[in-house]
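# Topology and contacts: notes
Here are the chains, one letter per residue:
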Amino acid sequence: SGAEVTLPLRPFYRSQATLLGSFMGSRWELLEALRWIGSGKVRPVVGATFPLEKAADAQRAMEARHQFGKIVLLP
């Protein structure tokens, strides 16, 4: 956390790994988004639902990019 994060780079070079990052926003923006979600102004797009027993199928669908929206696992 904080303004600066340091990582040893040698393991990334050895394994030819990729490091991706993103910036979510400020605390105020998160709270504002939660207010919108709580009020029903914003709703997530659910592309598919799978029973928990079919989690492997859900993973395959996600990896194949066969959905638009979120994939939800149901208990």
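In the block above lies the structure referred to throughout.
Residues numbered from 1 in each chain as written. Predicted model: local features only at pLDDT ≥ 70, side-chain atom pairs only at ≥ 80, totals over all residues. Heavy atoms only, no water.

For the coordinates displayed, the defined rule picks out 2 salt bridges. Residue Arg-35 is joined to Glu-32 by a salt bridge in which the shortest nitrogen-to-oxygen separation is 3.0 Å. With Arg-35 and Glu-32 both in helix 2 (residues 27-39), this residue pair falls 3 residues apart, about one helical turn. Overall, Arg-35 belongs to the partly exposed group, its relative accessible area being 47%. For Glu-32, a relative accessible area of 25% corresponds to the partly exposed category. As a salt-bridge pair, Asp-57 and Arg-60 come within 2.5 Å of each other at their nearest N and O atoms. Pair noted here: Asp-57 and Arg-60 are both in helix 3 (residues 55-63), with a separation of 3 residues, about one helical turn. The exposure class assigned to Asp-57 is partly exposed, which follows from its relative accessible area of 30%. The class of Arg-60 is partly exposed, set by a relative accessible area of 48%. (Salt bridge = Lys/Arg side-chain N within 4 Å of Asp/Glu carboxyl O. Helix = DSSP H or I, 4+ residues; strand = E, 2+ residues; numbered from the N terminus. Buried < 20%, exposed > 50% of the residue type's maximum accessible area, 1.4 Å probe, protein only.)

For the rest of this paragraph, the subject is unusual backbone geometry. Positive phi, close to 55 degrees, is recorded for Gln-16, a residue that is not glycine. Residue position: Gln-16 is located in the loop between helix 1 (10-15) and helix 2.

Read these as geometric descriptors, not functional statements.
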